[in-house]
Protein chains: 4
Amino acid sequence: MQSAPLREHIEPIRVRYSETDQMAVAYHGQYLVWFDLARTGYMEAAGYKYKKLEEDGILFMVRDMYVRYRKPARFDDRLAVRTRVTAMRQARLKFCYSIERTPEEGGEPELLATAWTVLACVDRSGKPRPIPEHVKSRFEVLPLREDEGRI
Amino acid sequence: MQSAPLREHIEPIRVRYSETDQMAVAYHGQYLVWFDLARTGYMEAAGYKYKKLEEDGILFMVRDMYVRYRKPARFDDRLAVRTRVTAMRQARLKFCYSIERTPEEGGEPELLATAWTVLACVDRSGKPRPIPEHVKSRFEVLPLREDEGRI
Amino acid sequence: MQSAPLREHIEPIRVRYSETDQMAVAYHGQYLVWFDLARTGYMEAAGYKYKKLEEDGILFMVRDMYVRYRKPARFDDRLAVRTRVTAMRQARLKFCYSIERTPEEGGEPELLATAWTVLACVDRSGKPRPIPEHVKSRFEVLPLREDEGRI
Amino acid sequence: MQSAPLREHIEPIRVRYSETDQMAVAYHGQYLVWFDLARTGYMEAAGYKYKKLEEDGILFMVRDMYVRYRKPARFDDRLAVRTRVTAMRQARLKFCYSIERTPEEGGEPELLATAWTVLACVDRSGKPRPIPEHVKSRFEVLPLREDEGRI
């Protein structure tokens, strides 16, 4: 029995060779895949498999997004994508993310990127539909942190 | 009025930055996307849009494939994917490909890769179905060339 | 002899099968690849091959970006990515984009997405460096259009 | 102290949303990324980080590959990529793979695909170089299994 809504999810990522480009860093478009994984992980941690939601006709489409790239990620890096919900309306959801590189041994994590996405809840035909209450109740809406003001 | 079945299609490709990896060459998995584009181009040249075929419930799934990488492709290279059907059965189709780099000015094209794929014709549920005769009649089955014996 | 700096570039895109996802639309992360292609096309139209710039040690890295998704793009759609520079500083460049779907026959183009990216000019070690004057002089900086205020 | 060379590595994969296509299955080209991850995992399990090997100027490039697709993989599936070395020469290495879907609960794993790749060991300029003995000694060469005869 889950008693409290989810506050935060941290999705571990390891940078794949296929995700690098000839600048020898992870291609910037790849980050959107990681945020997507982080949302799926967040929902699963909150008690919902996104796969199951889609089967039930509850789809989340990205409506808009912003990414601030700070330092490059490199092949084989271990990353942590910290993921929170910072706003929720009837048919919309805002996620905030930060990507940190986990140091190999000791050392401090390094902030590589911050980002947010707004998702629209839609049905299979693409029309807006309210996010079900039982789903909403599992996501805690947190205020932006000070360092997210920079986003 | 198209009078003869299609013998060969040449699909032009330009290597995208996102397709490179940190070896500063096109990632080897990317070639499968190019072969896919080449098949779509072949079908369109033969008078069928693959999009339309799928809408009509005629899907082609890759059943097996082989690729022989010879020389790397690089960012911004102009490639030509030479595409032919070399075998056709009731519900299967074999495509052979060669990828050549088009020289910037003068010079000879360079052979970068050769490959083949076998496609299965299936319906929406994934069950084998015969390739429609009107489609088959548009594809000329050509014998393997000598240099394709190397495939 | 090119007499005037480039005002706008329109990059034609055709949506690849590999770019779709199981929602049967182009995956949202894929748009960043298209904007990347549009920048490369813009630079080439302005007289500079991005490949050549990189070889000369002039790299453009994406610093931040925003995308507003309006309507989904679908497999085989023909798109036009309208691309302009809307700000230029010593080591930074801002590109604005809009993606329109080109109608099959007759009809009006449909606006699918708008976006912007800020690029930082860096050297091979990733340190900021000024955009060379001869490059800057080829890019016309245009004011935001009214409909880009919505971005 | 590692006493015996590595016989087999099993790389766990979870199918990403971005890896699906509009047939609602994992895009066939994506499998090559999974095999790549499996090789990296194999090398790490054998005591070598591929990242480190590359930094030391020991690169493995895919020379040719074959994939046999049996059943589709779907979004969120948990897969296991079973990976073994089945041939090793001075500057070449052959990997065999099978991809199984791990059942949600109970049930039997399902075989989704089998494949092999031949890798060439090259230096940074792309010229063949012998695989270092200390690396070779960590990989056990296993005979093809009967079901790999089908490959």
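Residues numbered from 1 in each chain as written. Chains lettered and ligands numbered in written order. Predicted model: local features only at pLDDT ≥ 70, side-chain atom pairs only at ≥ 80, totals over all residues. Heavy atoms only, no water.

> Quick question: what am I supposed to make of the overall build of chain A here?
Scanning chain A for helices and strands turns up three helices and five strands. The secondary structure elements of chain A, listed N-terminal to C-terminal, are β-α-α-β-β-β-β-α. For chain A, whose C-alpha radius of gyration is 16 Å, the value lies close to the compact-globule estimate of 15 Å for 151 residues. Along the first, second and third principal axes, the C-alpha set of chain A runs to 40 × 30 × 30 Å. Relative to its full complement of 151 residues, chain A shows a buried share of 57%. Sequence-distant contacts in chain A: of pairs separated by 6 or more residues, those separated by 24 or more amount to 71%. Of the roughly 6,800 Å² that chain A leaves accessible, carbon and sulfur atoms contribute 50%. (Helix = DSSP H or I, 4+ residues; strand = E, 2+ residues; numbered from the N terminus. Rg over C-alpha atoms; globule rule 2.2 N^0.38 Å. Buried < 20%, exposed > 50% of the residue type's maximum accessible area, 1.4 Å probe, protein only. Contact = heavy atoms within 4.5 Å. Areas by Shrake-Rupley, 256 points an atom, 1.4 Å probe, with all protein chains shown as cover.)

> What is the right way to look at the relation of the copies chain A and chain C in this model?
Taken together, a rotation about one axis and a shift along it account for how the two chain copies relate. Placing chain A over chain C gives an RMSD of 0.0 Å and needs a rotation angle of 180°, together with 0.0 Å of translation along the axis. A rotation of that kind, with that shift, is consistent with a two-fold axis. Of the C-alpha atoms belonging to chain A, the one lying closest to the rotation axis is found on A:Tyr66, 2.2 Å away. Both copies present the same face, since 100% of the interface residues in chain A are matched by interface residues at the equivalent positions in chain C. (Least-squares fit on C-alpha atoms with pLDDT ≥ 70 in both.)

> Help me out: how do you make sense of the relation of the copies chain B and chain A in this one?
With an RMSD of 0.0 Å, the fit of chain B onto chain A corresponds to turning through 180° and sliding 0.0 Å along the axis. Comparing interface residues between copies, 100% of those in chain B also sit at the interface in chain A, which points to an isologous, same-surface contact.

> I'm lost on the interface of chain A and chain C in this one. Help?
Where the parts come together, the accessible area they lose is often given as the size of the interface. Opposite the 24 residues of chain A that make contact, chain C presents 24 residues. Here chain A packs against chain C, burying approximately 2,100 Å² in sum over the two surfaces, 60% of which is carbon and sulfur. Taken together, the connections running from chain A to chain C amount to zero salt bridges. For the side of chain A that touches chain C, the secondary structure elements donating two or more residues are helix 1 (31-45), helix 2 (50-55) and strand 2 (59-69) of chain A. Element by element, the count of residues in the side of chain A that touches chain C is highest for strand 2 of chain A, at eleven residues. Class assignment of the residues belonging to the side of chain A that touches chain C gives a composition of 15 nonpolar, three polar and six charged. Sheet topology places strand 2 of chain A next to strand 2 (residues 59-69) of chain C; five bridges connect them, and they run antiparallel. When the sheet's bridge partners are listed, A:Val67 is paired in strand 2 of chain C with C:Met65. (Buried area = accessible area lost by both parts, 1.4 Å probe. Salt bridge = Lys/Arg side-chain N within 4 Å of Asp/Glu carboxyl O. Nonpolar A, V, L, I, M, F, W, Y, C, P; charged D, E, K, R; others polar. Pairing = 2+ DSSP bridges.)

> I'm lost on the interface of chain B and chain A in this one. Help?
Listed as interface residues are nine residues of chain B and, on the opposing side, nine residues of chain A. In total, chain B and chain A occlude about 930 Å² of area from one another, counting both sides; carbon and sulfur atoms represent 58% of this. In this assembly, chain B and chain A are joined by zero salt bridges. Counted by class, the side of chain B that touches chain A contains five nonpolar, three polar and one charged residues.

> Would you explain the environment of D:Gly29 in this entry?
Tracing the backbone through its elements, the reader meets D:Gly29 in the loop between strand 1 (9-14) and helix 1 (31-45). Classification of D:Gly29 by relative accessible area gives buried; the value is 7%. Setting aside residues no more than four positions away along its own chain, D:Gly29 makes contact with B:Gly29 and B:Leu32.

> Would you mind showing me how to read the sheet that holds strand 4 (residues 92-101) of chain B here?
Hydrogen bonds along the backbone pair up the strands of a sheet, which may run parallel or antiparallel. As summarised here, the arrangement of the ten strands in space is 1(B)-3(B)-4(B)-5(B)-2(B)-2(D)-5(D)-4(D)-3(D)-1(D), forming an open sheet in which the pairing is antiparallel. Among the strands making up the open sheet, the edge pair consists of strand 1 (9-14) of chain B together with strand 1 of chain D. Direction aside, neighbouring strands of the sheet carry axes that sit 25° apart on average. (Axes fitted to C-alpha atoms, helices over the stretch in contact; angles between N-to-C directions.)

> What exactly am I supposed to notice about the pairing of strand 3 (residues 78-88) of chain A here?
Every regular strand shows the same layout, with side chains that alternate between the two sheet faces. Residues and elements named next belong to chain A. One ladder, built from six bridges, connects strand 1 (residues 9-14) with strand 3; its direction is antiparallel. What sits directly across from His9, in strand 3, is Thr83. A loop of three residues connects strand 3 with strand 4 (residues 92-101), the two strands running antiparallel in sequence.

> Please clarify how helix 1 of chain D should be interpreted in this entry.
Every α-helical turn comprises 3.6 residues, leaving residues that sit three or four positions apart pointing alike. All names here are of chain D. Between its terminal C-alpha atoms helix 1 stretches 21 Å, which fits the 21 Å expected from 15 residues at 1.5 Å a residue. Counting buried positions along helix 1 gives 13 out of 15 residues, so the element sits mostly inside the fold. Directly beyond the C-terminal end of helix 1, a positive phi value near 105° is found at Gly47. (Expected span 1.5 Å × (residues − 1).)

> For this particular structure, what's the right way to read the confidence of the model for chain A?
Low-confidence regions, as indicated by low pLDDT, have predicted coordinates that should not be scrutinised in detail. For chain A, per-residue confidence averages 93 on the pLDDT scale, and 94% of positions sit at 70 or higher. With a pTM of 0.96, the predicted complex shows an ipTM of 0.94. (pLDDT = per-residue confidence, 0-100.)

> Mind showing me how you'd approach the sheet that holds strand 3 (residues 78-88) of chain C here?
Reading across the sheet, the ten strands line up as 1(A)-3(A)-4(A)-5(A)-2(A)-2(C)-5(C)-4(C)-3(C)-1(C) and stay open at both edges, with antiparallel pairing between neighbours. Among the strands making up the open sheet, the edge pair consists of strand 1 of chain A together with strand 1 (9-14) of chain C. Strand-to-strand, the axes of this sheet are offset by a mean angle of 25°, without reference to chain direction. Here strand 2 of chain C runs beside strand 5 (residues 110-122) of chain C; their pairing, made up of ten bridges, is antiparallel. Counted as the bridge partner of C:Val67 is C:Ala115 from strand 5 of chain C.

> Where do I start with the side chain of C:Arg138 in this structure?
Residues and elements named next belong to chain C. Of note, Arg138 is situated in the segment after helix 3 (133-136). An unpaired buried charge is present at Arg138: no salt bridge exists, and Glu140, the closest side chain of opposite charge, is 8.8 Å distant. Within polar-contact distance, the side chain of Arg138 engages the backbone oxygen of Ala4 at 3.2 Å. (Lys, Arg positive; Asp, Glu negative; His and termini not counted. Polar contact = N/O pair within 3.5 Å; in protein donor to acceptor, adjacent residues only side chain to side chain.)

> What is the right way to read the packing of aromatic side chains from this model?
The relative placement of two aromatic rings is captured by the distance of their centres and the angle of their planes. According to the stated counting rule, one finds 48 aromatic pairs over all chains in the structure shown. Measuring from centroid to centroid gives 6.4 Å for A:Phe75 and D:Tyr50, while their planes differ by 70°, and the two rings are edge-to-face. Residue A:Phe75 is found in the loop between strand 2 and strand 3, and its partner D:Tyr50 is found in helix 2 (residues 50-55); the two belong to separate chains. Of the residues examined, A:Phe75 reaches a relative accessible area of 3% and is grouped as buried. Given a relative accessible area of 8%, D:Tyr50 falls into the buried group. Ring geometry for D:Tyr42 and D:Phe139: centres 5.3 Å apart, planes at 65°, overall edge-to-face. Remark: D:Phe139 occurs in the segment after helix 3 (133-136) and D:Tyr42 occurs in helix 1; sequence separation between them is 97 residues. In terms of burial, D:Tyr42 and D:Phe139 fall into one category: buried. Put simply, the rings of A:Phe35, A:Tyr42, A:Phe95, A:Tyr97 and A:Phe139 pair up and form one aromatic cluster. (Phe/Tyr/Trp six-rings, centres within 6.5 Å; stacked < 30°, edge-to-face > 60°.)

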